[in-house]
Amino acid sequence: MCGIAGIVRADEGEAVEERALLRMARAIRHRGPDGFGLLLDPGAGLVSTRLSIVDLEHGWQPLVAAGDDSVLVYNGEVYNHPELREWLRSRGVVFRTRSDTEVVHALLEYEGPAGLDRLNGQFALAWWQPRRRRLTLVRDRFGVRPLSFSFREDGTIVFGSETKALFASNEVRPEVDLAGLDQVFTLWAPQAPRTVFAGVDQLEPGGLLVWERGEVIERRRWWRAGPDQEDPVEDLEALMRDSVGLRLRADVPVGAYLSGGLDSSVISALAQVEKAGELRTFSVAFDDPTYDERAEQELVARALGTSHHVVEADAAAIAAAFPDVIRHAETPLVRTAPVPLYLLAREVHDHDLKVVVTGEGADELFWGYDLFKEVAIRSRHRDDPERAMELLGELYPHLGGSAARRGPGWARFLLAAGAGGDSLASHMTRVDATASVRAFYRDDIAAGLSVDAALEPIRDGLPEGFSELDELERAAWLEVTTLLEPYLLAAQGDRVAMAHGVEGRYPFLDHRVYARSVALPESEKLTDTSDKVALRRLAGKLLPKSISTRRKQPYRAPEVVPFFAPGAPGWVEEALAPAALEEVGIWDPRRVEGLLRRCRSGRANGVREGMALIGILSTQVWHEMFFGGEGEQPAETAVPAVRIDRTVDQSMSEVS
Amino acid sequence: MSAAADGDENVRTEMRAFIEDNFLYLDPEADLADDQDLLAAGIVDSLGFVEIVEEVEARYSVGVQDVEITEENFGSVDAIARYVERKRAGS
């Protein structure tokens, strides 16, 4: 729930304008459409926009601690707040509300950041301690909730759930970060702390930053994905039941996304038991059968007896929503896959739901992606390339034809990627395919960038013990940290859901479930004949066999057709016209023209060309949106529900 | 000049144009040599390679067997011209 933002100056004598805070609140109002609150201190201001989910009456922010003057603005959910409340109460803490915000605040007051380990949830928060002029920023373990910030030359720190709040403050001006963009065209998304805006950082997943009087005094990860987890040594089924149960805690109804695949079906099945048969499920369907899973979705919905809703993502709807998806993602993309999820969240919102549980994370934790199978085939059949090719051919039946039919380049591409003992070997096929987008750069842009440089932060940030892991374990860690956290949970997760005030909750990303998955032996994840072994066993108890044994269909959306089919919106050709490309100055118009020729003639059917088109088009849209307006800022928003002004007489006034 | 040699040159010209239009647009100034190794030079990727095979099948009405999809037959403009010539000769 919610969005947060703020401005804190190094010196309390430098005022923060209330108007700036109002503009920041307006910029992230979609995250919290139920109202907003603000607090003004000498040289500091905090805002929170609210999506009311827990303690609808009293959960307003900013929250000022009882008996102290520290303040919390907090975006997210801590699911185990009732247990933590009891634990704190038994230690003498007195609570005024039922909200999880107050529990988090009390825990921070009681234990400081050491208490973060007790939290089970997804959150981004800013804890302001005015007497020390200290601001602590924290992000949840996997970075489900976003948080970006910028340091100004005078020592001011400006932060917000989304970068548009930083720009709305007028303290931070948008500037392109070419290295951040280059990570999008290498790894699908900028890798924290980098963003696609120069001078703007995102806090790392599991990150903690402590700022005091203009200086960063501490910056570290309080949690990190990796081999070193505390295994709960508990049955996976019990853990999953508990995780789903915790994520259904809310004072509003909770629905579920249902893709038709194994993971969301397991979550829906467990949720339906908890909800005693009242679960509502939501699915995306496609008019193009290549992407559609409608039949499987309906099968699961019928089997579970959910009230089921389907939204169809046809080509026209994808093209129409694309610019708004870029506005919310705040970054160029190489895939259209976030767009149908944006349409789905809109459908959920239109059905008056604010919260959904979803299946994200299972493919990373239990090795469901084809990428893991590729790694397994390469490593298990290294001495028998022919057999390896045969298995790789079976792995990608949707590409059509036998492996032999796909020619010698295919073999070389897939087999070569595993060679050489490179730490990132498992991911080099994806990197190579994605990096082909970079061939469309203007020469002067390309001259300053390299794939090696884009990958360097990943190589430098490998966790301790990485080299001792086997190839599949390495691949799993890379998948979580280079794709799940920076892309799937961001552009394809939080951003497109919160665009409509919908909160996604991820039972597989409970840190205990993650720890259990890390501890499970390989045979419980991926064998020669099955994937997600432990999860399929659980699914076998809950779902029809055709679902529990179903092979994964990669989630994708059409890329070229929405923008080149008859009736495609006129802005597409305008955005890609040579003059528009020249103006933005990143892509070479002559090179792009060749791609457009192939798109128009229907020949651009490859993954690389699809990524190139979406990469180029989204860059153009993104650039116009963030750099094209003449200093266009959101209007200052209406009256806050809570307004606390401590700049004059330290008194507090609550408007509502 | 024999009919076969004429055909050979046509295939060369047509396939060169096809490859330039569809795969060399990223490097408009580059000259494509007829003996240039298309895969090794990075001019086409594996999908592009399949596209060339499909183009040859459609344009010259030849049936390409899976075992014939090799660099020897499709790896360069020259190789494609030789392959089409052989297929037309009925081998």
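Predicted, not measured: the structure shown is a model, and the values here were computed from it.

All names here are of chain A. Across the interface, helix 18 (residues 471-488) lies against helix 19 (residues 490-498) with an axial gap of 5 Å and an inter-helix angle of 20°. Considered as vectors, helix 18 and helix 19 are oriented roughly parallel to each other. On helix 19, the residues that touch Glu-485, Pro-486, Tyr-487 and Leu-488 of helix 18 are Ala-490, Ala-491, Gln-492 and Gly-493. In the contact of helix 18 with helix 19, the residues fall into five nonpolar, two polar and one charged.

Residue and element names in this part refer to chain A. Alternating residues of strand 13 (residues 254-257) divide into Val-254 and Ala-256 and Gly-255 and Tyr-257, and every residue in both groups is buried. Across three bridges, strand 13 lies against strand 16 (residues 355-357) in parallel orientation. When the bridges of strand 16 are listed, Gly-255 appears paired with Val-356.

To continue, consider the pattern of salt bridges. Taken as a whole and assessed by the stated rule, the structure comprises 68 salt bridges over all chains. Of the charged contacts in the structure, one is a salt bridge between Lys532(A) and Asp363(A), with a shortest N-O distance of 2.6 Å. Of the two residues, Lys532(A) is situated in the loop between helix 20 (511-519) and helix 21 (533-542) and Asp363(A) in helix 11 (residues 362-365); the sequence distance between them amounts to 169 residues. The exposure class of Lys532(A) is buried, given its relative accessible area of 2%. Residue classification places Asp363(A) among the buried positions, given a relative accessible area of 5%. Among the ionic pairs, Glu55(B) bridges to Arg603(A), the shortest N-O distance being 2.8 Å.

Here we come to the side chain of Ser150(A). All names here are of chain A. Along the chain, the position of Ser-150 falls in strand 8 (residues 148-151). Within polar-contact distance, the side chain of Ser-150 engages the side chain of Arg-152 at 2.7 Å. Those residues in contact with Ser-150, other than ones at most four positions away along the chain, are Thr-156, Ile-157, Val-158, Leu-166, Val-172, Gly-199 and Val-200.

Contacts between chain B and chain A engage 24 residues on the former and 22 residues on the latter. Taken together, both faces of the contact between chain B and chain A bury some 1900 Å²; the carbon and sulfur share is 49%. At the boundary of chain B with chain A, the tally comes to three salt bridges. Joining chain B to chain A, the criterion identifies six residue pairs in polar contact (both at pLDDT 80 or more). The set of elements that each furnish at least two residues to the side of chain B that touches chain A consists of helix 1 (3-23) and helix 2 (46-60) of chain B. Per element, the largest residue contribution to the side of chain B that touches chain A is eight residues, and it comes from helix 2 of chain B. Residues belonging to the side of chain B that touches chain A are distributed by class as follows: 12 nonpolar, four polar and eight charged.

With that settled, the discussion passes to the environment of Arg327(A). All names here are of chain A. Within the secondary structure layout, Arg-327 lies in helix 9 (residues 315-329). Distance from Arg-327 to Leu-353, taken between C-alpha atoms, is 23 Å for residues 26 residues apart in sequence. Not counting residues within four places of it along the chain, the set of residues in contact with Arg-327 comprises Lys-164, Met-625 and Phe-626.

Here we take up the domain arrangement of chain A. Many structure descriptions define interface size as the accessible area lost when the parts assemble. Residues and elements named next belong to chain A. One can read the domain layout of chain A as domain 1 (3-225), domain 2 (236-360 + 489-548) and domain 3 (370-481). Look at where the C-alpha atoms of domain 1 and domain 3 centre, and you get two points 37 Å apart. Each partner contributes to the interface: domain 1 provides 14 residues, whereas domain 3 provides 21 residues. For the domain 1 and domain 3 pair, buried surface summed over both sides reaches about 1300 Å², with 63% attributable to carbon and sulfur atoms. Together, Asp-182, Phe-185 and Thr-186 form the three largest contributors to the area buried by domain 1 at its contact with domain 3, with a combined 40%. Between domain 1 and domain 3 we count one salt bridge in total. At the surface where domain 1 touches domain 3, the tally comes to six residue pairs in polar contact (both at pLDDT 80 or more).

In terms of nonpolar packing, the biggest core is built from 181 residues, with Trp587(A) and Leu613(A) touching the most fellow members. Considering every element that reaches this core, the biggest residue donor is helix 18 of chain A, with 10 residues. Residues within four places of Leu613(A) in sequence aside, it is in contact with Glu559(A), Val560(A), Phe563(A), Phe564(A), Leu576(A), Leu595(A), Leu596(A) and Cys599(A). Formed by 25 residues, the second largest nonpolar core is a distinct cluster that contains Leu39(B), Ile52(B), Val64(B) and Phe74(B).

Time to look at a negative patch on the surface. Side chains of Asp11(A), Glu12(A), Glu14(A), Glu153(A) and Asp154(A) sit close together on the surface and give a patch of like negative charge. Here Glu12(A) shows up in the loop between strand 1 (3-8) and helix 1 (18-27).

Here we come to the sheet that holds strand 9 (residues 157-160) of chain A. All names here are of chain A. The sheet built from seven strands is open, its strands ordered 10-8-9-1-3-2-18 with mixed pairing. Two strands lie at the open edges of the sheet, namely strand 10 (201-202) and strand 18 (642-645), each paired on one side alone. Pairing geometry for strand 2 (residues 36-41) and strand 18, over four bridges, is parallel. When the bridges of strand 18 are listed, Leu-40 appears paired with Asp-645. Each of strand 1, strand 2, strand 3 (44-49), strand 9 and strand 18 is contacted by helix 1, which is oriented at about 150° to strand 2, the strand it contacts most.

Now for the sheet that holds strand 13 of chain A. All names here are of chain A. Pairing within the open sheet is parallel, and its five strands lie in the order 15-14-13-16-17. Lying at the two open borders of the sheet, with one neighbouring strand each, are strand 15 (307-312) and strand 17 (503-505). Neighbour-to-neighbour, the strand axes of the sheet open up by a mean angle of 30°, direction not taken into account. Where strand 14 (residues 280-285) and strand 15 come together, six bridges link them in parallel fashion. Across the sheet, residue Thr-281 finds its bridge partner in strand 15, namely His-308. Relative to the sheet, helix 7 (residues 262-274) contacts strand 13, strand 14 and strand 16, its axis offset from that of strand 13 by approximately 155°.

Right, let's talk about the packing of helix 2 (residues 81-89) of chain A against helix 3 (residues 100-111) of chain A for a bit. When two helices pack together, their arrangement is given by the angle between the helix axes and by the axis-to-axis distance. All names here are of chain A. It is the contact of helix 2 with helix 3, at a shortest axis distance of 10 Å, that shows an interaxial angle of 45°. The orientation of helix 2 relative to helix 3 falls into the category oblique. Crossing angle aside, the handedness with which helix 2 passes helix 3 is left-handed. Contact with helix 2, carried on its side by His-81, Leu-84, Arg-85, Trp-87 and Leu-88, involves Asp-100, Val-103, Ala-106, Leu-107, Tyr-110 and Glu-111 of helix 3 and no other residues of that element. Tallied by class, residues from the contact of helix 2 with helix 3 come to seven nonpolar, one polar and three charged.

Right, let's talk about the packing of aromatic side chains for a bit. All names here are of chain A. Inspection of the entire model under this criterion finds 28 aromatic pairs over all chains. On the basis of an interplanar angle of 45° and a centroid distance of 5.5 Å, the ring pair of Phe-197 and Trp-622 is categorised as tilted. With Phe-197 in the loop between helix 5 (178-187) and strand 10 and Trp-622 in helix 27 (residues 607-628), this residue pair connects regions lying 425 residues apart in the sequence. Comparing Phe-197 with Trp-622, the two get one shared label, buried. Each ring, one from Trp-367 and one from Phe-372, has its centre 6.2 Å from the other, and the planes form 25°; the classification is stacked. Taken together, the ring pairs connect Phe-167, Phe-197, Trp-622, Phe-626 and Phe-627 into an aromatic cluster. Of note, Arg-85 hangs over the ring of Phe-95, and the distance from its end group to the ring centre comes to 4.7 Å. The cationic tip of Arg-430 hangs over the ring face of Trp-188; the distance from NZ or CZ to the ring centre is 5.7 Å.

What counts and what doesn't
By convention here, each chain's residues receive numbers from 1 onward along its written sequence. As they are written, the chains are lettered A onward and the ligands numbered 1 onward, keeping that order. Restriction of local features to residues with pLDDT of at least 70 applies here, the model being predicted, together with a cutoff of 80 or more for giving and counting side-chain atom pairs; totals for whole chains, interfaces and linings are based on all residues. Computation of side-chain values: all heavy atoms of the structure, hydrogens and water removed. Only the stretch in contact is used when fitting a helix axis, every axis being a line fitted to C-alpha atoms; angles between N-to-C directions are given from 0 to 180 degrees. Helix numbering and strand numbering both begin at the N terminus, where a helix is a DSSP run of H or I of at least 4 residues and a strand a DSSP run of E of at least 2. Roughly parallel covers angles under 35 degrees, roughly antiparallel covers those over 145, roughly perpendicular covers 65 to 115, and oblique covers all other angles. Throughout, a residue-residue contact means that at least one pair of heavy atoms, one from each residue, lies within 4.5 Å. Amino acids are sorted into nonpolar (Ala, Val, Leu, Ile, Met, Phe, Trp, Tyr, Cys and Pro), charged (Asp, Glu, Lys and Arg) and polar (every other residue, Gly among them). With a 1.4 Å probe rolled over the protein chains alone, any residue whose accessible area is under 20% of its type maximum counts as buried; one over 50% counts as exposed, and the rest are partly exposed. Note on pairing: two strands pair once DSSP finds at least 2 bridges between them. Just to be clear on terms, a salt bridge is a Lys or Arg side-chain nitrogen sitting within 4 Å of an Asp or Glu carboxyl oxygen. Any pair of nitrogen or oxygen atoms within 3.5 Å is treated as a polar contact; in protein, a donor-acceptor pairing is required on top of that, and neighbouring residues in sequence qualify only through side-chain atoms on both sides. Put simply, buried area is how much 1.4 Å-probe accessible surface two parts lose in total, over both of them, once they are put together. Domain start and stop points were drawn from an automatic or database domain assignment. In these notes, a set of buried Ala, Val, Leu, Ile, Met, Phe, Trp, Tyr and Cys residues joined through side-chain atoms within 4.5 Å is what counts as a nonpolar core. The patches reported here contain residues having more than 30% relative accessible area and no salt bridge. Joining distances are 9 Å for like charges and 5 Å for nonpolar side chains (Val, Leu, Ile, Met, Phe, Trp, Tyr). Note that accessible areas follow from Shrake-Rupley with a 1.4 Å probe, and for residues the cover is restricted to the protein chains shown. All tallies of charge rest on Lys and Arg as positive and Asp and Glu as negative; His and the ends of each chain are not included. Each charge is placed at NZ for Lys, CZ for Arg, CG for Asp and CD for Glu. Crossings are assigned a handedness: left-handed for a near helix turned anticlockwise from the far helix by less than a right angle, right-handed for a clockwise turn. Ring pairs shown here join Phe, Tyr and Trp side chains whose ring centres sit within 6.5 Å, with only the six-membered ring taken for Trp; geometry is labelled stacked below 30 degrees between planes, edge-to-face above 60, and tilted in between. Two limits define a charge over a ring: the Lys NZ or Arg CZ must be within 6 Å of the ring centre, and within 35 degrees of the ring normal.

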